[in-house]
Amino acid sequence: FVAGVAAARLFILVAMVDAETRGPVLADSRLLALREDGGPFPLRYGCVLGYALYAALLFAATTLIGKFYYFFHNGGMLPVMLLVLLGAAIGKDPLTVWVFRSKPLLVLGRISYMQYLMQHVLQGWISKNFGWTDNGAIQAGFVPCLVLFSYCCQRWVERPYTEYQRWKQEK
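The following paragraphs examine the structure supplied in this document.

What counts, and where the lines are drawn
- Residues numbered from 1 in each chain as written.
- Predicted model: local features only at pLDDT ≥ 70, side-chain atom pairs only at ≥ 80, totals over all residues.
- Heavy atoms only, no water.
- Phe/Tyr/Trp six-rings, centres within 6.5 Å; stacked < 30°, edge-to-face > 60°.
- Buried < 20%, exposed > 50% of the residue type's maximum accessible area, 1.4 Å probe, protein only.
- Helix = DSSP H or I, 4+ residues; strand = E, 2+ residues; numbered from the N terminus.
- Disulfide = S-S within 2.5 Å.
- Axes fitted to C-alpha atoms, helices over the stretch in contact; angles between N-to-C directions.
- Parallel < 35°, antiparallel > 145°, perpendicular 65-115°, else oblique.
- Left-handed = near helix turned anticlockwise from the far one by under 90°.
- Contact = heavy atoms within 4.5 Å.
- Nonpolar A, V, L, I, M, F, W, Y, C, P; charged D, E, K, R; others polar.

### Remarks on the packing of aromatic side chains
A complete count under the given rule lists six aromatic pairs for this structure. Ring geometry for W125 and F130: centres 5.7 Å apart, planes at 75 degrees, overall edge-to-face. For F130, a relative accessible area of 48% corresponds to the partly exposed category. Between the aromatic rings of W132 and F142, the centroid separation amounts to 5.4 Å while the plane-to-plane angle is 85 degrees, which identifies the pairing as edge-to-face. Taken as a pair, W132 in the loop between helix 8 (103-130) and helix 9 (136-170) and F142 in helix 9 lie far apart in primary sequence, 10 residues in all.

What follows is the structure in structure tokens.
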């Protein structure tokens, strides 16, 4: 929790400006905007740097991580994850622009909550009708079926209902 508060404050101080004066953010700033240059270099390329550092720690230093397991488990990776989070929030990072804003990942992001809600429903239905424990083909096809089922639920149930609620609220 405290790390989230600190990350938000850091983001506001280094990556945002006062929208009216284009100067630094002050206590009396009413409206904020992203800096035109995107902030300092480590934050502009935070996703690439953060994931590279994460890969280096994960793959190249496996013996080091084994000795310091509790350090990494209890917050040692926090600076790396904050770098990824702030880099993605600024939106200038090439990984953010070209990968995270791609159509497939935007669709997966839109249906992610529906996947979370429907995973046990779909697995229960599949195991009741087709079996689960002895059928490797069913288990392998579960994730694509979940994505398709979640997309259909989001497209034909969640979105129309949300639009109806907005329409009803505007009336």
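### Things to note about unusual backbone geometry
Here the phi dihedral of R22 falls at roughly 60 degrees; this positive angle occurs in a residue that is not glycine. Within the element layout of this structure, R22 appears in the loop between strand 1 (16-18) and strand 2 (32-34). On the basis of relative accessible area, R22 is assigned to the partly exposed category, the value being 40%.

### Comments concerning the state of the cysteines
Within this structure, the stated rule accounts for zero disulfides. Distance from the sulfur of C152, which forms no disulfide, to the nearest cysteine sulfur (C153) is 7.0 Å. C152 gets classed as partly exposed once you look at its relative accessible area, which sits at 27%. C153 gets classed as buried once you look at its relative accessible area, which sits at 14%.

### Side note on the packing of helix 8 against helix 9
Orientation of helix 8 relative to helix 9, taken along the N-to-C sense of each, is 125 degrees, at an axis distance of 7 Å. Taken together, the axis directions place helix 8 and helix 9 in an arrangement best described as oblique. Between helix 8 and helix 9 the crossing geometry is right-handed. Contact residues: V107, L108, R110, I111, M114, Q115, M118, Q119, L122, Q123, I126 and F130 in helix 8; I138, F142, C145, L146, V147, F149, S150, Y151, C153, Q154 and E158 in helix 9. Each residue belonging to the contact of helix 8 with helix 9 can be placed in one class, and the counts come to 16 nonpolar, five polar and two charged.

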